[in-house]
Amino acid sequence: MVKVVAGNWKMHHGPSATTRFLSRFRPEVEDGSVRLVFFPPHLSLAAAVAGTRVPADFGVQNIHWEGSGALTGEVSAEMAREAGATLALIGHSERRHIFGETDAEVGRKVAAAARAGLVPVVCVGELLAERRAGRLDEVLRRQVGAFAESLAGAAEFMVAYEPVWAIGTGETATPGDAAEAHGIVRDALGTLGRGAPVLYGGSVKPGNAAALVSVPDVDGVLVGGASLDPDVFARIAEACASAGRAGAGS
Ligand code: PGA
């Protein structure tokens with residue numbers, strides 16, 4: 001499987017910064033050797049779609065489950081699609097833990113994305129306290145179970161395993177941690193997950209990306225902080241492309 005290299009810009013890079021980033025972003029990877037994805041802020045999506053010089057897909061970081069309505073400040077999957085998004089990040093840990101998004105809401109958003117023809121990229125991951133309490137398996141199965149049925153109409157989807165304790169902290173899961181968690185996610189997805197990429201996210205950097213995507217069940221990376229600089233993100237893409245080639249040849 002071609003490795004997915006996705007950048008989640010969170011609340012960074014407005015339209016001008018987006019244009020500047022994309023004019024400088026030139027990873028030395030052969031076309032098709034990695035699948036590049038960007039999740040810019042909603043307001044930067046148009047600049048991103050217009051400004052890319054390399055083949056890449058663009059998605060939004062959040063959607064509401066309704067198609068339209070009196071929901072001030074929200075954006076629907078249909079609107080995101082019309083504005084050029086082909087994917088939607090759903091259930092990121094910052095949405096879950098800062099904005100109180102529930103498993104049930106994640107499920108509704110996944111269904112809305114699928115209905116609108118967006119590829120849902122659904123995030124799951126345990127808190128440090130849950131990991132320490134030996135609840136990794138239970139938490140991941142609960143989170144996957146809450147959106148699995150909503151995937152029924154999706155032509156394509158991805159899952160991102162992002163241990164909450166590794167996001168923006170500099171702490172990275174070891175390849176062994178990632179192997180264990182990705183194995184649980186794959187098992188929880190069952191036949192539904194066949195062919196669906198499962199990405200790892202949490203303090204991915206140029207120096208650890210290759211080791212992480214060399215883990216058999218890790219199909220790519222979802223990168224936050226290190227995706228904001230075009231040269232750093234290009235080095236991550238290059239590392240994933242060579243690890244993918246090495247894996248394909250072994
Ligand atoms: P990080 O963020 O790479 O800055 O840890 C990852 C994410 O939140 O998707």
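The structure we're discussing is the one just above.
Note that the structure is a prediction, hence the values are computed from the model and not measured. (Residues numbered from 1 in each chain as written. Predicted model: local features only at pLDDT ≥ 70, side-chain atom pairs only at ≥ 80, totals over all residues. Heavy atoms only, no water.)

(A) Focus on the site of the ligand. Taken together, 13 residues lie around the ligand, and K10, H92, E162, G168 and S203 are the ones closest in. Contact between the ligand and H92: an oxygen atom at 2.7 Å from a side-chain N or O atom of the residue. One nitrogen or oxygen atom from the main chain of G225 is found 2.8 Å from an oxygen atom belonging to the ligand. About the coverage of the ligand: the protein hides 95% of its 280 Å² of free accessible area. For the shell around the ligand, the class distribution of residues is four nonpolar, seven polar and two charged. (Near = heavy atom within 4 Å. Polar contact = N/O pair within 3.5 Å; in protein donor to acceptor, adjacent residues only side chain to side chain. Areas by Shrake-Rupley, 256 points an atom, 1.4 Å probe, with all protein chains shown as cover. Nonpolar A, V, L, I, M, F, W, Y, C, P; charged D, E, K, R; others polar.)

(B) A look at the layout of surface pockets. Reported here for the largest pocket is a volume of approximately 530 Å³. If you trace the largest pocket, you find 19 residues lining it, with K10, M11, Q61, N62 and R95 closest to the centre. The residue makeup of the lining of the largest pocket, split by class, is seven nonpolar, eight polar and four charged. (1 Å grid on protein atoms, 1.4 Å probe; cavity = no way out; pocket = protein on both sides within 12 Å on 5 of 7 lines; lining within 4 Å. Points joined across faces, edges and corners; volume = space filled by probe spheres on them.)

(C) Inspection of the sheet that holds strand β1 (residues 3-8) at higher detail. An order of β1-β2-β3-β4-β5-β6-β7-β8 is seen for the eight strands of this closed barrel, with the pairing classed as parallel. For this sheet, the mean angle separating the axes of adjacent strands, direction not counted, is 25 degrees. Here β1 runs beside strand β2 (residues 34-39); their pairing, made up of six bridges, is parallel. Each residue of the ladder has a partner; that of G7, found in β2, is F38. (Pairing = 2+ DSSP bridges. Helix = DSSP H or I, 4+ residues; strand = E, 2+ residues; numbered from the N terminus. Axes fitted to C-alpha atoms, helices over the stretch in contact; angles between N-to-C directions.)

(D) Fine view of the packing of helix α5 (residues 103-116) against helix α7 (residues 136-148). Between α5 and α7, the shortest axis-to-axis distance is 8 Å and the interhelical angle comes to 40 degrees. Between α5 and α7, the angle falls in the class oblique. Handedness of the crossing formed by α5 with α7: right-handed. Contacts from D103, V106, G107 and V110 in α5 reach R142, Q143, A146 and F147 in α7. Among the residues making up the contact of α5 with α7, the classes are represented as four nonpolar, two polar and two charged. (Parallel < 35°, antiparallel > 145°, perpendicular 65-115°, else oblique. Left-handed = near helix turned anticlockwise from the far one by under 90°. Contact = heavy atoms within 4.5 Å.)

(E) Focus on the pattern of salt bridges. The tally for this structure, following the rule as stated, stands at 15 salt bridges. Note that E101 and K109 form a salt bridge whose closest N and O atoms lie 2.8 Å from each other. A relative accessible area of 3% means that K109 is categorised as buried. Here R135 ties to E138 by a salt bridge, and the two come within 2.9 Å at their closest N and O atoms. Taking relative accessible area as the criterion, R135 reaches 30% and is therefore assigned partly exposed. Each of R35, D57 and E156 takes part in salt bridges that share partners, so that together they form one network. (Salt bridge = Lys/Arg side-chain N within 4 Å of Asp/Glu carboxyl O. Buried < 20%, exposed > 50% of the residue type's maximum accessible area, 1.4 Å probe, protein only.)

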